[in-house]
Amino acid sequence: MADESWRLPNSVQQLAANMQEPPSQYLLREQELLGANLAGAEMPEPVPTIDLGLLSASNDPEEAAKLRSALQTWGFFQVSNHGMETSLMDSVMTASRDFFRLPLEEKRKYSNIIGGKHFQMEGYGTDQVKTQDQRLDWSDRLHLKVEPEDERNLALWPIHPKSFRDDLHEYTLRSKRIKDDILRAMAKLLELDEDCLVNQFSDRALTYARFNYYPPCPRPDLVLGIKPHSDVYALTVLLMDKDVAGLQFLRDGTWYNVPAASNYTLLINVGVTMEIMTNGIFKGPVHRVVTNSEKERMSVAVFYGLDPEREIGPIAQMLTEDQPARYRKMKVKDFLVAHLEHFSRGERVVDSLRI
Ligand SMILES: O=C(O)CCC(=O)C(=O)O
Ligand SMILES: [Fe+2]
């Protein structure tokens, strides 16, 4: 039988602890390094910051204009005055750090590989390896479905540290309010009914939380923490490490560094689902994560998607005779499968849906 062990990558944390040089599957090829400039450039302006309290309470025109500009220029922004307590963000980060510090055998109880061979989306591990020549990312993840709540697979929710489950539950309740406030503000920018976007997310809509752990990497000049991608869901709420930077966004051919902020930053970015729903008006930016030779980095992303049983396509209110649909319709669950295929090849699924 052919040796298929390449399908089961090691924990990167384990590799980082034992190796001097990353194995070849992690190294970017010469071609990929051309013009890649992993060091990235400084952003020409500070990360746009939207006062969410002001925006949602009074639809403050200045904040709304900032949001419009951030969405059109970058596809991401920071939110302040968002109602999430620092102590809760602290607890989530600490619980996440404590989880990744557990012994490997303990973490493997939540593995995303079933029966030693079959990959599932949820659980602890790395991305699925689909082909032998796929570039691997220098990160380990814990990926959990949070909503619909009755579909939580609690067997994959860590019991250590003890606070993990409660913290995640509480955190995602708060994060949902932030997401809804942003969706309302975006709907107003598009001159849609205030709840038009919020209503796209039924009680069967998917929410995932992903805990990303990036161990120090001996070759930050050749290895990425996460390869370039656009998030597939509609909106991402990202809690970033307050000490270590690493996230970069691509704009007009240049990779820009998002600096670490000493207080926790909640960064919001548009995903491909939103790009399709708004018929291409708000675009899901391409981003990646670079590695650091000395420091580990953590982030926690919450992804908001649609009900997998419905169709994804531009919403009817966005279409006119002059602005016909730019994307084909597709069942959400097929779209998510197609995304994984494209992601493993470093491509964007949205490009395959253009009419
Ligand atoms: O770690 C980060 O800052 C970003 C992570 C990310 O892009 C993702 O999980 O999709
Ligand atoms: Fe992402």
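As recorded in an unreviewed UniProt entry, the protein goes by Fe2OG dioxygenase domain-containing protein and comes from Aegilops tauschii subsp. strangulata.

Visitor: Honestly, helix α4 (residues 61-73) in this entry has me stumped. Any pointers?
Guide: Each α-helix turn comprises 3.6 residues. Residues three or four places apart therefore point the same way. In a regular helix each residue adds 1.5 Å, so 13 residues correspond to 18 Å; α4 covers 18 Å between its end C-alpha atoms and thus fits that length. Where α4 is concerned, the buried positions are E63, A64, L67, A70 and L71. All buried residues of α4 lie within an arc of 125 degrees about the axis, which places them on one face of the element. Within α4, the exposed residues directed more than 90 degrees away from the buried face are P61, E62 and Q72. On its buried face, α4 is in contact with β2 (49-51), α3 (52-58), β3 (76-80), α7 (164-189) and β13 (265-270).

Visitor: Looking at this structure, how should I read the nonpolar core?
Guide: Burial of nonpolar side chains together is a common tendency in soluble globular proteins. Counting 97 residues, the largest nonpolar core has Y171, F211 and F335 as the members making the most contacts within it. Here this core gets 10 residues from one element, more than from any other, and that element is α7. Excluding residues that lie within four positions of it along the chain, F211 makes contacts with V92, S96, F100, D140, R141, L142, L144, F164, L168, S299 and V300.

Visitor: Before we go on, may I ask you to explain the sheet that holds strand β8 (residues 207-214) in this structure?
Guide: Sheet strands associate in pairs through backbone hydrogen bonding, adopting either a parallel or an antiparallel arrangement. On the basis of which strands lie adjacent, the open sheet formed by eight strands has the order β2-β3-β13-β10-β15-β8-β7-β6 and mixed pairing. At either margin of the open sheet sits one strand with a lone partner, and together these are β2 and β6 (123-125). Neighbour-to-neighbour, the strand axes of the sheet open up by a mean angle of 25 degrees, direction not taken into account. Packed on one face of the sheet, α4 meets β2, β3 and β13 and runs near 150 degrees to β2.

Visitor: Explanation requested: the sheet that holds strand β11 (residues 247-251) in the structure shown.
Guide: Spatial ordering of the open sheet is given by β1-β12-β11-β14-β9, a layout of five strands whose pairing is mixed. Every interior strand has two partners, whereas the edge strands, β1 (41-42) and β9 (224-229), have only one. With three bridges connecting them, β9 and strand β14 (residues 287-290) associate as antiparallel partners. The partner of L224 across the bridge, within β14, is V290.

Visitor: I'm lost on the confidence of the model for the protein in this one. Help?
Guide: A low pLDDT means the predicted coordinates there should not be read in detail. Residues at a pLDDT of 70 or more form 98% of the protein, whose mean pLDDT is 93. Confidence metrics for the complex model read pTM 0.95 and ipTM 0.99.

Visitor: It is not clear to me how unusual backbone geometry should be interpreted in this structure. Could you clarify?
Guide: Keep in mind that most residues, glycine aside, have a negative phi and that most peptide bonds are trans. In this chain, E147 is followed by P148 through a cis amide linkage whose omega measures 0 degrees. Mapped onto the fold, P148 is located in the loop between β7 (140-147) and α7. With an omega of -10 degrees, the peptide bond between H160 and P161 qualifies as cis. Mapped onto the elements, P161 comes out in the loop between β7 and α7.

Visitor: What am I meant to see in the site of ligand 1 here?
Guide: Neighbouring residues of ligand 1: 13 residues in total, closest R210, N212, Y214, R297 and S299. With respect to ligand 1, the side chain of R210 contributes an N or O atom lying 2.9 Å from an oxygen atom. In the complex, the protein chains occlude 99% of the 300 Å² of accessible area that ligand 1 would expose alone. Of all the secondary structure elements, the ones that give two or more residues to the shell around ligand 1 are β8, β9, β14 and β15 (297-304). Within the shell around ligand 1, the residues separate by chemical class into six nonpolar, four polar and three charged.

Visitor: Looking at this structure, how should I read the pattern of salt bridges?
Guide: A side chain with one charge can pair with a side chain of the opposite charge if their charged atoms come near. Following the criterion strictly, the structure yields 27 salt bridges and no others. Two residues, R354 and E275, come together in a salt bridge whose shortest N-O distance is 3.6 Å. Here R354 is found in the segment after α9 (332-344), whereas its partner E275 is found in helix α8 (residues 272-277), with 79 residues between them in sequence. A relative accessible area of 1% means that E275 is categorised as buried. Its salt-bridge partner being D351, residue R354 comes within 2.7 Å of it at the nearest N-O pair. One network of salt bridges, with partners in common, ties together R97, R101, D241 and E296.

Reading the values: rules and limits
Residues numbered from 1 in each chain as written. Chains lettered and ligands numbered in written order. Predicted model: local features only at pLDDT ≥ 70, side-chain atom pairs only at ≥ 80, totals over all residues. Heavy atoms only, no water. Helix = DSSP H or I, 4+ residues; strand = E, 2+ residues; numbered from the N terminus. Expected span 1.5 Å × (residues − 1). Buried < 20%, exposed > 50% of the residue type's maximum accessible area, 1.4 Å probe, protein only. Arc of directions from axis to C-beta. Contact = heavy atoms within 4.5 Å. Core = buried A, V, L, I, M, F, W, Y, C linked by side-chain atoms within 4.5 Å. Pairing = 2+ DSSP bridges. Axes fitted to C-alpha atoms, helices over the stretch in contact; angles between N-to-C directions. pLDDT = per-residue confidence, 0-100. Near = heavy atom within 4 Å. Polar contact = N/O pair within 3.5 Å; in protein donor to acceptor, adjacent residues only side chain to side chain. Areas by Shrake-Rupley, 256 points an atom, 1.4 Å probe, with all protein chains shown as cover. Nonpolar A, V, L, I, M, F, W, Y, C, P; charged D, E, K, R; others polar. Salt bridge = Lys/Arg side-chain N within 4 Å of Asp/Glu carboxyl O.

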